[in-house]
Amino acid sequence: MCQPGDVVLVPCPAYTLYRINAEMRDAKAVELETAEPDFKVTPELLKKALDKYGEKVKVLVLNYPVNPTGVTYTPDEVRALADLLKNYNVAILDDEIYADLLYEGEHLPMAKLLPDQTLYVNGVSKNAAMTGWWVGYICGPSDVLKALTKVHQAAISTNATMNMDATEEVLRHGKADTAQMKTEYDQRRQFLMDAMDKIGFHYTKPMGTFYLWVKIPDSFDGDSMAYAEHLAEKAKVAIVPVAAFTKLPVRYFRISYAASMEKLKRAVDGLAKVFAEDGSFYD
Ligand SMILES: Cc1ncc(COP(=O)(O)O)c(C=O)c1O
């Protein structure tokens, strides 16, 4: 869809590969600078970028619930974005891989509102914990999918048959398993939010995914990579620093709770110890 020099708009912070994939095609990935505390793209922000880059903009990436923040867009927010986007010749790459892991609110797929403009992306890595099986799927306008099939056949050929069979089983019979795991993730989410409140960490309230987006205390003198190293060394906790998700100068890190409760409890103890030892505070 992109020729060299075309623009792909990526609301940030975002999953890293959107920017990398655009750049591999010599397209320009433009980060949309969303704001604290929710880091969501608004119609105003989007319109500014659409008007600034004009016909160069070929794709807008949307991913909700959002990796890494865990927030999502309400149906009204999705409708407001669709109302704007329908006036532009821009495709929406709509990555809904966390849609089954939404704990609060309601999920409205962009593809329902703008089917001719949207490429709907999903997979089984999150809802069926099948990371590593590498099966995803995409729905969209047939002319785009025809071209995509050519590229896919040349680059990848196909996935292993057993992986696709397993995916079919998930899609046909996996709903109850996902629902059961969702309850489990939600307990971990509540546990982590309570723990962060007790410790004193500030964070963005997550509605979905299995991530918690935590603000680095202002008292820490260093960037997000330095804080990640500090936590690894002193708390024995591995987190992902904001630098993996955006070039914006915000100071956050991502905790994944796709880990057992036992490990999360140990991690929380480590974080509490370091937070206190550092004399951490926010301005
Ligand atoms: C937003 C988002 N999209 C897509 C993927 C890709 O998942 P996979 O390649 O494991 O199917 C991930 C994985 O972390 C993700 O967070």
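Our structure's up above, just so we're on the same page.
These figures come from a predicted structure and were not determined experimentally. (Residues numbered from 1 in each chain as written. Predicted model: local features only at pLDDT ≥ 70, side-chain atom pairs only at ≥ 80, totals over all residues. Heavy atoms only, no water.)

What follows deals with the nonpolar core. A general feature of soluble globular proteins is that nonpolar side chains tend to end up buried together. In terms of nonpolar packing, the biggest core is built from 33 residues, with Phe201, Phe253, Ile255 and Leu271 touching the most fellow members. Listing elements by their share of this core, those giving two or more residues are α7 (175–199), β8 (211–215), α8 (224–234), β10 (252–256) and α9 (261–277). Judged by nonpolar contacts, the second largest core, of 25 residues, contains Val7, Leu50, Leu84 and Leu85. (Core = buried A, V, L, I, M, F, W, Y, C linked by side-chain atoms within 4.5 Å. Buried < 20%, exposed > 50% of the residue type's maximum accessible area, 1.4 Å probe, protein only. Helix = DSSP H or I, 4+ residues; strand = E, 2+ residues; numbered from the N terminus.)

Time to look at helix α6 (residues 161–173). Each α-helix turn comprises 3.6 residues. Residues three or four places apart therefore point the same way. In a regular helix each residue adds 1.5 Å, so 13 residues correspond to 18 Å; α6 covers 18 Å between its end C-alpha atoms and thus fits that length. Of all the positions in α6, only Asn163, Ala166, Thr167 and Val170 are classed as buried. Around the axis of α6, the buried residues are gathered within 100° of arc, so they sit on the same side. Residues Thr161, Met162, Arg172 and His173 are exposed on α6 and point more than 90 degrees away from its buried face. Those residues of α6 hidden inside the fold are in contact with α7. (Expected span 1.5 Å × (residues − 1). Arc of directions from axis to C-beta. Contact = heavy atoms within 4.5 Å.)

So, on to the pattern of salt bridges. For the structure on display, the rule yields 13 salt bridges. Linking Lys215 and Glu36 is a salt bridge whose minimum nitrogen-to-oxygen distance equals 3.0 Å. Of this pair, Lys215 sits in strand β8 while Glu36 sits in the loop between β2 (28–33) and α2 (43–53); the two residues are 179 residues apart in sequence, bridging distant segments of the chain. A salt bridge links Arg189 to Asp186; its shortest N-O distance comes to 2.9 Å. Of this pair, Arg189 and Asp186 both sit in helix α7, 3 residues apart, which is roughly one turn of that helix. (Salt bridge = Lys/Arg side-chain N within 4 Å of Asp/Glu carboxyl O.)

With that settled, the discussion passes to the sheet that holds strand β6 (residues 136–139). Within a sheet, adjacent strands bond to each other through the backbone by hydrogen bonds, running parallel or antiparallel. The 6 strands are arranged β2-β1-β3-β4-β5-β6 in an open sheet whose pairing can be described as mixed. Strands with a single pairing partner mark the edges of an open sheet, and in this sheet they are β2 and β6. Adjacent strand axes in the sheet meet at a mean angle of 20°, parallel and antiparallel pairs treated alike. Bridge count for strand β1 (residues 7–12) against strand β3 (residues 57–63) is 3 bridges, and the pairing is parallel. Residue Leu9 lies in a different strand from β3, and its bridge partner there is Leu60. (Pairing = 2+ DSSP bridges. Axes fitted to C-alpha atoms, helices over the stretch in contact; angles between N-to-C directions.)

What follows covers the site of the ligand. The ligand sits among Tyr15, Tyr18, Asn63, Asn67, Asp95, Ile97, Tyr98, Ser125, Lys126 and Trp134. Interatomic distance of 2.7 Å between a side-chain N/O atom of Asn67 and an oxygen atom of the ligand. Between the ligand and the protein, one listed contact pairs an oxygen atom with a side-chain N or O atom of Lys126 at 2.7 Å. About the coverage of the ligand: the protein hides 83% of its 400 Å² of free accessible area. Grouping the amino acids of the shell around the ligand by side-chain chemistry returns 5 nonpolar, 3 polar and 2 charged. (Near = heavy atom within 4 Å. Polar contact = N/O pair within 3.5 Å; in protein donor to acceptor, adjacent residues only side chain to side chain. Areas by Shrake-Rupley, 256 points an atom, 1.4 Å probe, with all protein chains shown as cover. Nonpolar A, V, L, I, M, F, W, Y, C, P; charged D, E, K, R; others polar.)

Our next topic: a nonpolar patch on the surface. Among the surface-exposed residues, Tyr15, Leu17, Ile20 and Met24 lie close enough to one another that they form a single nonpolar patch of about 380 Å² accessible area. Among the structural elements, Met24 can be located in helix α1 (residues 17–24). The exposed category is assigned to Met24, whose relative accessible area is 65%. (Patch = residues over 30% accessible without salt bridge, like charges linked within 9 Å, V, L, I, M, F, W, Y side chains within 5 Å.)

Right, let's talk about the sheet that holds β10 for a bit. Strand order across the open sheet formed by 4 strands is β7-β8-β10-β9, with antiparallel pairing between neighbours. The sheet is open, and its two borders are formed by β7 (203–204) and β9 (240–241), each paired with just one other strand. The strands touched by α7 within the sheet are β7, β8 and β10, with β8 carrying the most contacts at an inclination of about 15°.

These figures capture arrangement, not role.
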